[in-house]
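# Chains, contacts and geometry: an overview
Residue strings, one per chain:
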Amino acid sequence: MKAIVTGGSGFIGSHLIEALVAAGHEVACVERVGGTKGWIEELPVGWEPIGLSDVGQLRRVLEGVDVVFHLAGLTEAIRPADLYEVNTVGTSNVLEAAATWNGSAPHVILLSSLAAIGPCRNGDALSPDTIPFPLSHYGNSKLLAEAVLHAFSDRVPTTVVRLPSTYGPRERAHDRGLAPGSEHDLRRRRGAGPPGCRPREGEGRRTDLLLRPSDADHMGRLRGSGRRGDWTAPEAAQRGGGRRPAD
């Protein structure tokens, strides 16, 4: 399988690239302009520091690719507009580039977040049918990115992965010795929400609801175009339609 990982030198992306390389897949990493290889410095992967703003450049690197793991994004920013520019518009650019390959478009897997769905307003457990109610600009930017995938789903096979908060080696709080779910960690994760809205520190912040990137068997419910099921990321790439990724 030939794969692209956007944001692949970061916390989750570097773990994903390590797993893909170990499985024998051909991998290239798309990073921001001026970005560094960081944790993937020693791995045999392609390197494309082109960012997400140039559709032409993205189209070039997507040629012949089977699957795009779109992980690049911002979780916090000084200006809310930056969250939308990277998380929503950047996703749109990736999908626009993929769609130009028509019948050979790669399967695009978006790393979204439970922040995109927010809390369940009627007290029931969250489910794939829960009406989204994001409480932060970050969550809203991710929900809009999911809408972009649905808009392109007639031209590009797509899957949305909504992860909970993640922790482990290479994550900033973990590497600074902050316990996941601690007051300091919660303060770091808290984002600026829309007027009148603030994230609540409730059950959804408990440590046992956090996820390690190495927990391959617990990668959450993946939501594809009109499909539901409990799939791992590689299985989602196989199920997504379009070209079947090579072994």
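Nothing here was measured: the structure is a model prediction, and the numbers come from that model. (Residues numbered from 1 in each chain as written. Predicted model: local features only at pLDDT ≥ 70, side-chain atom pairs only at ≥ 80, totals over all residues. Heavy atoms only, no water.)

### Remarks on the packing of helix 3 (residues 80-99) against helix 4 (residues 137-152)
- Following both chains from N to C, one finds helix 3 and helix 4 inclined at 15°, their axes separated by 9 Å at the closest point. In terms of orientation, helix 3 lies roughly parallel with respect to helix 4. Every pair of crossing elements has a handedness; the one defined by helix 3 and helix 4 is right-handed. Between helix 3 and helix 4, the contacting residues are Pro80, Leu83, Tyr84, Asn87, Thr88, Thr91, Ser92, Leu95, Glu96 and Ala99 on the first element and His137, Tyr138, Asn140, Ser141, Lys142, Leu144, Ala145, Val148, Leu149 and Phe152 on the second.
- In the contact of helix 3 with helix 4, the residues fall into eleven nonpolar, seven polar and two charged. (Axes fitted to C-alpha atoms, helices over the stretch in contact; angles between N-to-C directions. Helix = DSSP H or I, 4+ residues; strand = E, 2+ residues; numbered from the N terminus. Parallel < 35°, antiparallel > 145°, perpendicular 65-115°, else oblique. Left-handed = near helix turned anticlockwise from the far one by under 90°. Contact = heavy atoms within 4.5 Å. Nonpolar A, V, L, I, M, F, W, Y, C, P; charged D, E, K, R; others polar.)

### Digging into the packing of aromatic side chains
- One pass over the structure, following the stated rule, counts zero aromatic pairs.
- Across the ring face of Trp101, the terminal group of Arg59 is positioned such that the distance to the ring centre comes to 3.9 Å. (Phe/Tyr/Trp six-rings, centres within 6.5 Å; stacked < 30°, edge-to-face > 60°. Lys NZ or Arg CZ within 6 Å of the ring centre and 35° of its normal.)

### Thoughts on the nonpolar core
- Grouped together as the largest cluster of nonpolar side chains are 26 residues, with contacts concentrated most on Ile4, Leu58, Leu62, Val68, Leu95, Val108 and Val156.
- Among the elements of the structure, strand 2 (26-30), helix 2 (55-61), helix 3, strand 5 (107-113) and helix 4 are those that each provide at least two residues to this core.
- Ranked by the residues each element gives to this core, the list is headed by helix 3, at five residues.
- Those residues in contact with Ile4 that sit more than four places away from it in its chain are Ala28, Val30, Val61, Leu62, Val65, Val67, Val68 and Phe69.
- Listed in part, the 17 residues of the second largest apolar core include Val27, Ile40, Val45 and Val67. (Core = buried A, V, L, I, M, F, W, Y, C linked by side-chain atoms within 4.5 Å. Buried < 20%, exposed > 50% of the residue type's maximum accessible area, 1.4 Å probe, protein only.)

### What to know about the pattern of salt bridges
- Under the definition given, this model contains five salt bridges.
- For Asp82, the salt bridge goes to Arg79, with nearest N and O atoms at 2.5 Å.
- Close ionic contact of Arg155 with Asp154 constitutes a salt bridge, the shortest N to O distance being 3.1 Å.
- Looking at Asp154, the relative accessible area reads 62%, which means it is exposed. (Salt bridge = Lys/Arg side-chain N within 4 Å of Asp/Glu carboxyl O.)

### Some points on the pairing of strand 2
- Taking burial as the measure, the five residues of strand 2 include four buried ones, the bulk of the element.
- Bridge analysis of strand 1 (residues 2-6) against strand 2 gives five bridges, and the strand direction is parallel. Bridge pairing links Val5 to Cys29 in strand 2.
- Between strand 1 and its parallel partner strand 2, the chain crosses via helix 1 (residues 11-22), and the hand of that crossover is right-handed. (Pairing = 2+ DSSP bridges. Right-handed = clockwise from strand over helix to strand, strands pointing away.)

### Some words on the environment of Lys2
- Position of Lys2 relative to the elements: it lies in strand 1.
- Given a relative accessible area of 29%, Lys2 falls into the partly exposed group.

### Here we look at helix 3
- Helix length check: helix 3, at 20 residues, gives a terminal C-alpha distance of 28 Å against a target of 28 Å (1.5 Å per residue), a fit within 8%.
- Most pronounced at Val89, the bend in helix 3 amounts to some 25°.
- Taken as a whole, helix 3 has its buried residues at Leu83, Asn87, Thr88, Gly90, Thr91, Asn93, Val94, Leu95, Ala97, Ala98 and Ala99.
- Structurally, helix 3 contributes buried residues whose contacts are with helix 2, strand 4 (67-70), strand 5, helix 4 and strand 6 (158-163). (Expected span 1.5 Å × (residues − 1). Bend = angle between axes of the 7 residues up to and from the residue.)

### Comments concerning the confidence of the model for the chain
- The pLDDT averaged across the chain works out to 79; a share of 69% of its residues lies at or above 70.
- Ignoring residues within four places in sequence, the model shows residues 216-234, a span with pLDDT below 50, making 37 contacts including any to other chains.
- Between residues 239-247, whose pLDDT stays under 50, and residues either more than four places distant or in other chains, the model counts 22 contacts. (pLDDT = per-residue confidence, 0-100.)

### Let's talk about unusual backbone geometry
- Of note, Asn102 is a non-glycine position whose phi angle comes to about 50°, a positive value.
- When you line up the elements, Asn102 lands in the loop between helix 3 and strand 5.

### Some details on helix 4
- With 16 residues, helix 4 should reach 22 Å at 1.5 Å per residue; the first-to-last C-alpha distance of 23 Å fits that figure.
- Packing partners of the buried residues in helix 4 comprise helix 3, strand 5 and strand 6.

### Points about the environment of Thr130
- Looking at the element boundaries, Thr130 is found in the loop between strand 5 and helix 4.
- As for Thr130 and Pro119, which are separated by eleven residues in sequence, their C-alpha atoms are 9.1 Å apart.
- With residues near it in sequence (within four places) discarded, Thr130 still touches Ile117, Cys120 and Ala125.
- A distance of 2.8 Å separates a polar atom in the side chain of Thr130 from the backbone nitrogen of Ser127. (Polar contact = N/O pair within 3.5 Å; in protein donor to acceptor, adjacent residues only side chain to side chain.)

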